[in-house]
Amino acid sequence: MQARLFGPGLPAAGQACEWQTDSGRIQWAGGETRLPSTGGALRSAGFDLAGLELSWADDAGRWALQVLAAADATTLRATPPAGWEEAFAQLAGTTRRHRKGRALGWSALALFLAAPLLLLAGFFAFSDGIAGWIAQRVPQAQEEALGEASFRAMQASLKLRDEGEAARAVREIGSRLTQGSAYRYRFHVVEDKAINAFAMPGGIVVVHSGLINATRTPEELAGVLAHEVQHIELRHSLKGLIKQAGLSAVWALATGDVGGALAGEAAQRMMSLSFSRDAEREADNAGFEALLRAGIDPAGMPAFFDTLAKQAGSAPELLSTHPASEARRDALAGRLSSVTNRRFEPLPYRPWPPAP
Amino acid sequence: MAMDVVDYEIFGNEMQYVEVELDPGEAAIGEAGAMMLMEDGIQMDTIFGDGSAQQGGLFGKLLGAGKRLLTGESLFTTIFHNEGRNKSRVAFAAPYPGKIVPVDLTTVGGTLICQKDSFLCAARGVSLGIAFNRKLGTGLFGGEGFIMQKLEGDGMAFVHAGGTLAVRDLAPGEVLRVDTGCVVAFQPSVDFDIQYVGKLKSALFSGEGLFFATLRGPGRVWLQSLPLSRLANRIVMAAPAAGGQSRGEGSLLGGLLDGDNE
Ligand SMILES: [Zn+2]
């Protein structure tokens, strides 16, 4: 192997030599020496540290044998000379650590410079997955704060009707459906002819009086409530909000600043937030199970679709925010037919709908 | 590519120039701005890259160009070739007071690492490359010394040292600490590291003498007593009306960000 030897009596700039790595013999024009098998030191060498230096001392002074060609150094690392195995293993270890540290240093710098871009690009590319991922990690307290702030922001434009028979029925049915939930639910009735209901993150459910009046039985109302509650339990509202409001929502949730602009924006979006078909199916199924657990006849759920279909005029608001389809109704009806024990105590609110 | 064997002669004492004698068909590469005179028969061409055989293919050329851009070097090298029938001479002059250092690359193992503004000229076939120091500390602290120029081949190369030249031969393990700006060139056998000595605050505001290059033998190092940056600093300081900017020799990222090549 071609190497360069530095040492006593040799040119200061080193002596080109031929090194027989197996025997340890080092030869050059006019001399030769031998690589000792003990007492030597090893280090990375060369400006780019791709090479190796083996150094040792004897009576004459210090010697250094360098192999700077990267290919030769690689060969040498694969088969270290006799007696140098441990030094090579040690050097490999520290080099790996240094390389790791260096890589870490550079990646940190690169990440720091590119982070905003990456975040933005990532957000658009995977907004669904990311919104879901973030939504799962927002602490419940933040979620409640967001819902509360949004509700307050829209409260001025809502005519709350929290007294009376209808509101009492909504609260009671709601609390039966949310037994054992981690959220503290609040149910509000709002005077509004539009057939609609919406759920806000953290446990606020708002039902329009128009919806209550459109239902033919309290079980139909229970079906709607069960569905809305599941949008909260499954964090659909939060996820949708994060996806729509994007980075500002993430920022606000991360910093805990959910007041001001975001709350207003959230309130506005909340009413027009439409869920995906998957989310609707999920909320239907989980709502159906919740009705069964609460001992409320789930037949009200598919029945309400028929009620909606019979509504005269344009499509109710509810359908634009909760995409409905024949498939949803049929799926619920199918579920219903597989329920064996169909004896449910009817809900006590009669006559229905209650007088406003 | 085979190296062209050039004969040369250095003239002057403190303001030197080197005359390179080219046989018919031989060539030398140099910084265009350093050319002083060309005798009859010498032709000058500007080429992309450095004229060595190493930059094969378009990709290689682009890579080389990218590296040169990164270090603030010019993308083009000027090649001087003798198209005549007789020997002819071309001369390159040192840009400021100092010494021209002739280095026969064969005597140093074929590679020389040098400060990026110290290269003057070389025989055709010597490749001008860039070498990055792999030590993180060097990258963070010293612009100078992080990226150096790498001269490879087995011909003659000429570098310039400002002020008075000091050549030191380091025995294996021998350590020498120098101001980063004072390093002209060294053999790749020499371990090179930048050490930060001083307070960060003063480094940011003055950048003077706070970074040491630690050179550890074995091998030969070439040092200059008057780095261009130091000279420039004094001149700028003495002429405030010129509105020049102070350049630190070893200030944070100083060498990365400055670009004193035209
Ligand atoms: Zn829904």
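Residues numbered from 1 in each chain as written. Chains lettered and ligands numbered in written order. Predicted model: local features only at pLDDT ≥ 70, side-chain atom pairs only at ≥ 80, totals over all residues. Heavy atoms only, no water.

**A closer look at the pairing of strand β3 (residues 27-30) of chain B**
Residues and elements named next belong to chain B.
Move 1: What you see with β3 is no split at all: Ala27 and Ile29 on one side and Ala28 and Gly30 on the other are buried throughout.
Move 2: Of the strand pairs in this sheet, β3 and strand β10 (residues 119-123) are connected by 3 bridges, and their pairing is antiparallel. Bridged to isoleucine 29 within β10 is alanine 122. (Buried < 20%, exposed > 50% of the residue type's maximum accessible area, 1.4 Å probe, protein only. Helix = DSSP H or I, 4+ residues; strand = E, 2+ residues; numbered from the N terminus. Pairing = 2+ DSSP bridges.)

**Notes on the confidence of the model for chain B**
Residue and element names in this part refer to chain B.
Move 1: Mean pLDDT over chain B stands at 77; residues scoring 70 or higher make up 67%.
Move 2: Here helix α5 (residues 254-257) is the element of chain B with the lowest mean pLDDT, 37, and strand β19 (residues 219-224) is the one with the highest, 96.
Move 3: The low-confidence segment residues 138-143 (pLDDT under 50) makes 23 contacts with residues lying over four places distant or belonging to another chain.
Move 4: Predicted confidence for residues 244-262 stays below pLDDT 50, and this span has 49 contacts to residues more than four positions away or in other chains.
Move 5: In the predicted assembly, ipTM is 0.76 and pTM is 0.54. (pLDDT = per-residue confidence, 0-100. Contact = heavy atoms within 4.5 Å.)

**Describing the interface of chain A and chain B**
Move 1: Contacts between chain A and chain B engage 17 residues on the former and 27 residues on the latter.
Move 2: For the pair chain A and chain B, the summed buried area comes to about 1800 Å², and 65% of that belongs to carbon and sulfur atoms.
Move 3: At the boundary of chain A and chain B, one finds 1 salt bridge.
Move 4: Connecting chain A to chain B are 4 residue pairs in polar contact (both at pLDDT 80 or more).
Move 5: When contributions to the side of chain A that touches chain B are tallied by element, the ones reaching two or more residues are β1 (2-6), β7 (61-67) and α2 (85-125) of chain A.
Move 6: Of the residues in the side of chain A that touches chain B, the class split is 9 nonpolar, 2 polar and 6 charged. (Buried area = accessible area lost by both parts, 1.4 Å probe. Salt bridge = Lys/Arg side-chain N within 4 Å of Asp/Glu carboxyl O. Polar contact = N/O pair within 3.5 Å; in protein donor to acceptor, adjacent residues only side chain to side chain. Nonpolar A, V, L, I, M, F, W, Y, C, P; charged D, E, K, R; others polar.)

**Regarding the nonpolar core**
All names here are of chain A.
Move 1: Of all hydrophobic cores here, the largest spans 40 residues; its most connected members are Ile173, Leu177, Leu221 and Leu225.
Move 2: Considering every element that reaches this core, the biggest residue donor is helix α7 (residues 218-233), with 7 residues.
Move 3: In this view, isoleucine 173 contacts Pro218, Leu221, Ala222, Leu225, Ile296, Leu347 and Tyr349; residues no more than four positions away in its chain are not counted. (Core = buried A, V, L, I, M, F, W, Y, C linked by side-chain atoms within 4.5 Å.)

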